[in-house]
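Survey of secondary and tertiary structure
Listed below are the residues making up each chain.
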Amino acid sequence: MDYRLLFLDFYGRIARKRYWYATLIAALISFVLNFLIGLFQQYETTTVTVVRDGVEVSEAVMATPLSNPVNLSLFVVQLLFGRAFLYATFAIQTKRLHDRGKSGWRNLIGFVPVVGAICLLIVCGFLQGDAGPNRYGSDPLVDPVSALDGNPVVEL
């Protein structure tokens, strides 16, 4: 399997099984990277004194200030990886939408809070794709490699 086509290309079709594998791989990479970033972040603890009902109460507050060069660097890495993760997720979902004969622009429904994510999960993860070739490529259950390439089917 060509992972560049799977994660970086918006053309072609993928079946549900390959969609779930790609989603699992992306989620694991994201979890590991965020875990490692959390290990290397430098936290600062400050004590804040608050007056409640006439009594002074001291509370410790943890923060990760971006003025610290290590935290700023980690923030930039996390920001760039987040953009790459979003791009890969859109590419995977677009291929899955193509398998159902739908336009990749339907990914934008995911920006509708709660309902959009649930709709995309159902459509991409659980509903069966079109049987046989469609305008986005060949059937991924019959020929997964050429379906991933996204060569459009031309009927004469």
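Residues numbered from 1 in each chain as written. Predicted model: local features only at pLDDT ≥ 70, side-chain atom pairs only at ≥ 80, totals over all residues. Heavy atoms only, no water.

**Looking at the packing of aromatic side chains**
The tally for this structure, following the rule as stated, stands at 7 aromatic pairs. The interplanar angle of 70° and the centroid separation of 5.4 Å between the aromatic rings of Y19 and W20 together place this pair among those described as edge-to-face. With a relative accessible area of 34%, W20 lands in the partly exposed category. A ring pair is formed by F31 and F35, whose centres lie 6.4 Å apart and whose planes are at 20°; its orientation type is stacked. With a gap of 4 residues between them, F31 and F35 both fall in helix 2 (residues 16–40), about one helical turn apart. (Phe/Tyr/Trp six-rings, centres within 6.5 Å; stacked < 30°, edge-to-face > 60°. Buried < 20%, exposed > 50% of the residue type's maximum accessible area, 1.4 Å probe, protein only. Helix = DSSP H or I, 4+ residues; strand = E, 2+ residues; numbered from the N terminus.)

**Section: the state of the cysteines**
Within the structure shown, the criterion is met by 0 disulfides. The closest cysteine sulfur to the non-disulfide-bonded C119 is located on C124, 11 Å from its own sulfur. On the basis of relative accessible area, C119 is assigned to the partly exposed category, the value being 31%. Its relative accessible area of 0% is what places C124 among the buried residues. (Disulfide = S-S within 2.5 Å.)

**A look at the packing of helix 2 against helix 4 (residues 115–125)**
Two numbers describe how helix 2 lies on helix 4: the axes approach to 9 Å, and their chain directions differ by 130°. As judged from the angle between their axes, helix 2 and helix 4 are oblique. Listed contacts from helix 4 to R16, Y19 and W20 of helix 2 are L121, C124 and G125. Here the contact of helix 2 with helix 4 is composed, by residue class, of 4 nonpolar, 1 polar and 1 charged. (Axes fitted to C-alpha atoms, helices over the stretch in contact; angles between N-to-C directions. Parallel < 35°, antiparallel > 145°, perpendicular 65-115°, else oblique. Contact = heavy atoms within 4.5 Å. Nonpolar A, V, L, I, M, F, W, Y, C, P; charged D, E, K, R; others polar.)

**Considering helix 3 (residues 69–99)**
In a regular helix each residue adds 1.5 Å, so 31 residues correspond to 45 Å; helix 3 covers 45 Å between its end C-alpha atoms and thus fits that length. Those residues of helix 3 not exposed but buried are N71, L74, A88, A91, I92, Q93, T94, K95, R96, L97, H98 and D99. Next to the buried residues of helix 3 lie helix 1 (3–8), helix 2, helix 4 and helix 5 (144–149). N-capping of helix 3 is provided by N68, with a side-chain oxygen placed 2.9 Å from the backbone N of V70. G101 sits one or two residues past helix 3 and shows a positive phi near 80°. (Expected span 1.5 Å × (residues − 1). Polar contact = N/O pair within 3.5 Å; in protein donor to acceptor, adjacent residues only side chain to side chain.)

**A look at the side chain of D139**
Tracing the sequence through the fold places D139 in the loop between helix 4 and helix 5. Buried charged residue D139 carries no salt bridge. Nearest counter-charge: R13, at 4.2 Å. At 3.0 Å, the side chain of D139 forms a polar contact with the backbone nitrogen of G132. Aside from chain neighbours lying at most four places away, what touches D139 is R13, D130, A131, G132, P133 and A147. (Lys, Arg positive; Asp, Glu negative; His and termini not counted. Salt bridge = Lys/Arg side-chain N within 4 Å of Asp/Glu carboxyl O.)

**Re the nonpolar core**
Listed in full, the 12 residues of the largest apolar core are L6, F7, I14, Y19, A22, A26, A88, I92, L97, L120, C124 and L148. Taken together, the elements giving at least two residues each to this core come down to helix 1, helix 2, helix 3 and helix 4. (Core = buried A, V, L, I, M, F, W, Y, C linked by side-chain atoms within 4.5 Å.)

**Things to note about the confidence of the model for the chain**
For residues with low pLDDT, the predicted coordinates do not support detailed interpretation. On average, residues of the chain carry a pLDDT of 87, and 95% of them reach 70 or more. No element of the chain has a lower mean pLDDT than strand 2 (residues 55–63), which averages 76, and none a higher one than helix 4, which averages 96. (pLDDT = per-residue confidence, 0-100.)

**Looking at a nonpolar patch on the surface**
Side chains of W20, I109, V112, V114, V115, I118, L121, I122, F126 and L127 sit close together on the surface and give an oily, nonpolar patch of about 880 Å² of accessible area. At 4 residues, helix 4 tops the list of elements feeding residues into the nonpolar patch. Within the secondary structure layout, L127 lies in the loop between helix 4 and helix 5. Given a relative accessible area of 33%, L127 falls into the partly exposed group. (Patch = residues over 30% accessible without salt bridge, like charges linked within 9 Å, V, L, I, M, F, W, Y side chains within 5 Å. Areas by Shrake-Rupley, 256 points an atom, 1.4 Å probe, with all protein chains shown as cover.)

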